[in-house]
Structures are given as structure tokens and as C-alpha cells.
Amino acid sequence: MSVPAARRGTTTVSDKAVRRIAERAASEALPGRPVTASRVSAAVHGRRADVALGVSLPYPLPVAETGREVRRHVSERTRELTGLDVSLRRISVDTLTVPSGTTAPDGMPPLPMPSASTPFSPALSASTPSVSTPSVSAPRSEGGERRAPRRRWSRRRVPMTAVMLMGAVSFGAVALDMIRVRVAHRPAAAWRTGTLNWLTGHGPGDTQVVLAGGGLALLGLWLTVLAVTPGRRRLLTLSAPGTSLDAAADRSAVAASVRDAVADVPGIGPVAVRVRRRRVVVRAGLAFGDRDTARDEVAAATRRVLGGWRPRHAPRVRIMVRTEPLWRPPRPEAEGPPTAPVTPAHTPGEEDEG
């Protein structure tokens, strides 16, 4: 005897259950390597579940490929255990952990960490990237590949929140007062009648009206600029060929990697690196050795590190090598004892633009 459909009952998987399963699945994504889910959110809509995930990945691993593997495993594992159609909309890499005894890949110098499994923090070292340096997000659509965006657009949360609060307070107060007048038959509020009386007594040429109009015009211009400019200038867009992920790095992290690699070149002393959207400028001081050789090695180290980061647009590299006050030109082995240090009155910087 078959049971009517109305009496068979239903099975409902809660948001909390999906969230816990996705969090556990993330820890199983990379066998033998620690992955920690720091922020997990899930929303179940019928037979579909939308999941967003923030994880901590081990260093050194390619962020784009590792994020794609974590996304695939979490989606499949959660779908298997819940029976829902799981859509992992976003993965954010919040921190990187450095297990003991690991070595950095080519072009990415190891980061100095005081202990094992220590997350990135700006307080650990001047050359250590911020915890929010890498950012990986899932595509808007499940099918097809898409190119990485040219710039990372800011959501403008602070201006948007301020404008929404101002509008909500202003229009809410007017609506509340009108409801009191219409429903409770109360007189209009003194602030509303006073405002109307003041406006009737001041024309467009009044100083206060001109100042208020100018302030509103500046506010509108500021909001327009925020709407048409991307913001987030500190982020450098990275490319992830063969994946449908978007990746970005903080420019200070890229500059720190370049600075560490250039500092390892023999004879190089102080190093200053500035990473812009289209150009990377490296200024290095030469303590000893040949300037041309040192310049070539500095350029090679810079391009090797930039190749490891894989920016979406290959930036132009400008190398400036200046001799230090104690620098002396290299001498052949056949010459006698070294002479006194040569201090040039003015040594122009060597530049190489690519």
C-alpha cells in the first residue's frame, strides 16, 4: 500500500548543518596540509545551498590553484553529505600559515616567521605581507571562464552606509511626523514648521542658502567620483590562467618580495622598492662589485619575483643602482693591494627600463 505524498513527510537541512559540513570539508581539502575555515556562511533555499568560505591556507602554495581545489572539494563533499545542490559562491583567503621546515618556491623568498603555523601579521616583520594580501573569489556564473578584472573595485561601504543613514533618518522623521498628524491628529512638529518658515524667508541669493547648496554640490561630486573610480589602489590584480578565479595581492607584499630578492644579490646594500599599477621602481645601493653586473642581477631577481606573482599586466621595471660612499671599483687579480676607497662627487643612477 503506497503512502500518500502528503503523509510522507519532508527532510529539511538547516543552514547550521550545511555550515558545519562545509567547515569540516574545508579542513579535508588538502591531505597532509592544514586548512582552517575561519568564516563560513550558508543559506539553504529549497534544494539549493549557497555557501561562502574564508580559509587559512598553508604557505608556500599557489593561491589560485589551491583555492580552486578547496572550492571543488567543499562543493562535492557538502553536496554528497547533504543531498543539496551546493553553490560555493566565494572563497576568501584570509591568512597564510607557514609550517616548520618548508621552503619557498622559485621567485618567492621565504618569509621570516618566529614559529611554526604562525599567520601573517604586519607586526612580525617589516617585509611581511598583511593578512588580507591574497584574495580569491569565485566567478559570477558556474559555466565558462572569464578573465581577471583590470582593477579591483571597492564596495564603498562607508560612503554608502553614511548616505543610507542620512536618508533613512531624514525621510523617516518626515514620514513619522506626517503619520502623527494624519492618524493621531497631532500638530506638526516644531522642527518641520520651523524649517518651512525659514525656507519661505530666504531666497536663492541668501548667503546661508548658497553655502548649503555648495555643500550639497560638493557632496554630490564626491559621491560621483566614488561611483566612477575603482578605488582599492593598494591591490594589484593577478592572473590565474586556466581557472575561473580572481586573485589580487597587496602592493606592499609584492614590494617586500622584490626587496628581499634584490637584497640577496651580492654587493647590494640598502634597497627601496615602489610598486605601482604599471611600473615597478627598484633603487639599490651598491657596496662592492661591478655596477653593470649588479644591475643585471638586480633586474633578473626583480623579474623572477614578478613572474612568481603573475600580475595581470606585466609592469615596466626600472632599475636604479647607485654606488655607496665606500664602494671601490673592482680591480684585476694581478694588481697590488687595494687602494683607498673612492668616493665619487656625483654618481648618476644606472637605469634599466623594460
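Keep in mind that this is a model prediction, so the values were computed, not measured.

## Looking at the sheet that holds strand 3 (residues 85-97)
Then step 1. Spatially, the three strands line up as an open sheet ordered 1-2-3, and their pairing is mixed. At either end of the open sheet lies a strand with only one pairing partner, and these are strand 1 (36-45) and strand 3. When the angles between neighbouring strand axes are averaged without regard to direction, this sheet yields 10 degrees.
Then step 2. Note that strand 1 and strand 2 (residues 48-58) share nine bridges and pair antiparallel. Paired with H45 across the two strands is R48, which belongs to strand 2.

## Things to note about the packing of helix 1 (residues 15-27) against helix 2 (residues 63-82)
Then step 1. As a packed pair, helix 1 and helix 2 sit with axes 9 Å apart at the nearest point and diverge in direction by 135 degrees. One element, helix 1, and the other, helix 2, form an angle in the oblique class. Once helix 1 is placed against helix 2, the crossing between them reads as right-handed. Residues V18, I21, A22, A25 and A26 of helix 1 form the contact with helix 2, whose own contacting residues are H73, V74, R77, T78, L81 and T82.
Then step 2. Split by residue class, the contact of helix 1 with helix 2 holds seven nonpolar, three polar and one charged.

## A look at a nonpolar patch on the surface
Then step 1. Among the surface-exposed residues, V174, M178 and W191 lie close enough to one another that they form a single nonpolar patch of about 270 Å² accessible area.
Then step 2. Following the sequence through the fold, V174 ends up in helix 3 (residues 157-183).

## A look at helix 2
Then step 1. Here helix 2 is 20 residues long and its end C-alpha atoms lie 28 Å apart, about the 28 Å a rise of 1.5 Å per residue gives.
Then step 2. Three or more residues of helix 2 are buried, namely A64, T66, G67, V70, R71, H73, V74, S75, T78 and T82.
Then step 3. For helix 2, the elements touching its buried residues are helix 1, strand 2 and strand 3.
Then step 4. Taken from the residues just after helix 2, G83 is the one with a positive phi, measuring 75 degrees.

## A short note on the confidence of the model for the protein chain
Then step 1. Overall, the prediction assigns the protein chain a mean pLDDT of 75, with 73% of residues at 70 or greater.
Then step 2. Mean pLDDT across the elements of the protein chain ranges from a minimum in strand 4 (residues 135-137), with 43, to a maximum in strand 8 (residues 279-286), with 91.
Then step 3. Contacts from residues 343-354, a stretch scored under 50 in pLDDT, to residues over four places away or in other chains number 27 contacts.

## Observations concerning the nonpolar core
Then step 1. Residues V262, I268, V273 and V282 are the most contacted members of the largest nonpolar core, which totals 30 residues.
Then step 2. Going through the elements one at a time, strand 5 (235-238), strand 6 (246-250), helix 6 (251-263), strand 7 (268-275), strand 8, helix 7 (291-309) and strand 9 (316-323) are the ones with two or more residues in this core.
Then step 3. It is helix 7 that contributes the most residues to this core, seven residues altogether.
Then step 4. Each residue touching V262, except ones within four places of it in the same chain, is listed here: I268, V271, V282, A284, V298 and T302.
Then step 5. Core analysis: the next-biggest nonpolar cluster, separate from the first, contains 24 residues, V18, A29, V86 and L88 among them.

## Side note on empty space enclosed by the protein
Empty space among the atoms becomes apparent when a probe as large as a water molecule is rolled across them.
Then step 1. Throughout the structure, instances matching the rule amount to two cavities of 30 Å³ or more.
Then step 2. Volume-wise, the second largest cavity comes out at about 30 Å³.
Then step 3. Lining the second largest cavity are L236, V254, V275, R276, R277, V280, L306, P311, H313 and P315.

## Quick notes on the side chain of D50
Then step 1. Within the element layout of this structure, D50 appears in strand 2.
Then step 2. In this structure the side chain of D50 is engaged in a polar contact, spanning 2.8 Å, whose partner is the side chain of R48.
Then step 3. Other than its neighbours up to four places away in sequence, D50 contacts S41, A42, A43, H45, S87 and R89.

## Digging into the pattern of salt bridges
Then step 1. In total, this model carries 10 salt bridges according to the counting rule given.
Then step 2. One salt bridge in this structure joins R24 and E28, with 3.7 Å as the shortest N-O distance.
Then step 3. We classify E28 as partly exposed; its relative accessible area is 33%.
Then step 4. Two residues, R48 and D50, come together in a salt bridge whose shortest N-O distance is 2.8 Å.
Then step 5. On the accessibility criterion, R48 (34% relative accessible area) is partly exposed.
Then step 6. Each member of the salt-bridge network shares a partner with another, and the members are R24, E28, R77 and E80.

## Here's the deal with the pairing of strand 2
Then step 1. Within strand 2, nine of the 11 residues are buried, which leaves it mostly tucked inside the rest of the structure.
Then step 2. Following strand 1, the chain reverses through two residues before pairing antiparallel with strand 2; G46 in that reversal takes a positive phi of roughly 70 degrees.
Then step 3. As judged from the 11 bridges shared by strand 2 and strand 3, these two strands associate in the parallel manner. Paired with A49 across the strands is V86, a residue of strand 3.
Then step 4. Remark: the strand 2/helix 2/strand 3 crossover connection has right-handed handedness.

Conventions used here
- Residues numbered from 1 in each chain as written.
- Predicted model: local features only at pLDDT ≥ 70, side-chain atom pairs only at ≥ 80, totals over all residues.
- Heavy atoms only, no water.
- Pairing = 2+ DSSP bridges.
- Helix = DSSP H or I, 4+ residues; strand = E, 2+ residues; numbered from the N terminus.
- Axes fitted to C-alpha atoms, helices over the stretch in contact; angles between N-to-C directions.
- Parallel < 35°, antiparallel > 145°, perpendicular 65-115°, else oblique.
- Left-handed = near helix turned anticlockwise from the far one by under 90°.
- Contact = heavy atoms within 4.5 Å.
- Nonpolar A, V, L, I, M, F, W, Y, C, P; charged D, E, K, R; others polar.
- Patch = residues over 30% accessible without salt bridge, like charges linked within 9 Å, V, L, I, M, F, W, Y side chains within 5 Å.
- Areas by Shrake-Rupley, 256 points an atom, 1.4 Å probe, with all protein chains shown as cover.
- Salt bridge = Lys/Arg side-chain N within 4 Å of Asp/Glu carboxyl O.
- Expected span 1.5 Å × (residues − 1).
- Buried < 20%, exposed > 50% of the residue type's maximum accessible area, 1.4 Å probe, protein only.
- pLDDT = per-residue confidence, 0-100.
- Core = buried A, V, L, I, M, F, W, Y, C linked by side-chain atoms within 4.5 Å.
- 1 Å grid on protein atoms, 1.4 Å probe; cavity = no way out; pocket = protein on both sides within 12 Å on 5 of 7 lines; lining within 4 Å.
- Points joined across faces, edges and corners; volume = space filled by probe spheres on them.
- Polar contact = N/O pair within 3.5 Å; in protein donor to acceptor, adjacent residues only side chain to side chain.
- Right-handed = clockwise from strand over helix to strand, strands pointing away.

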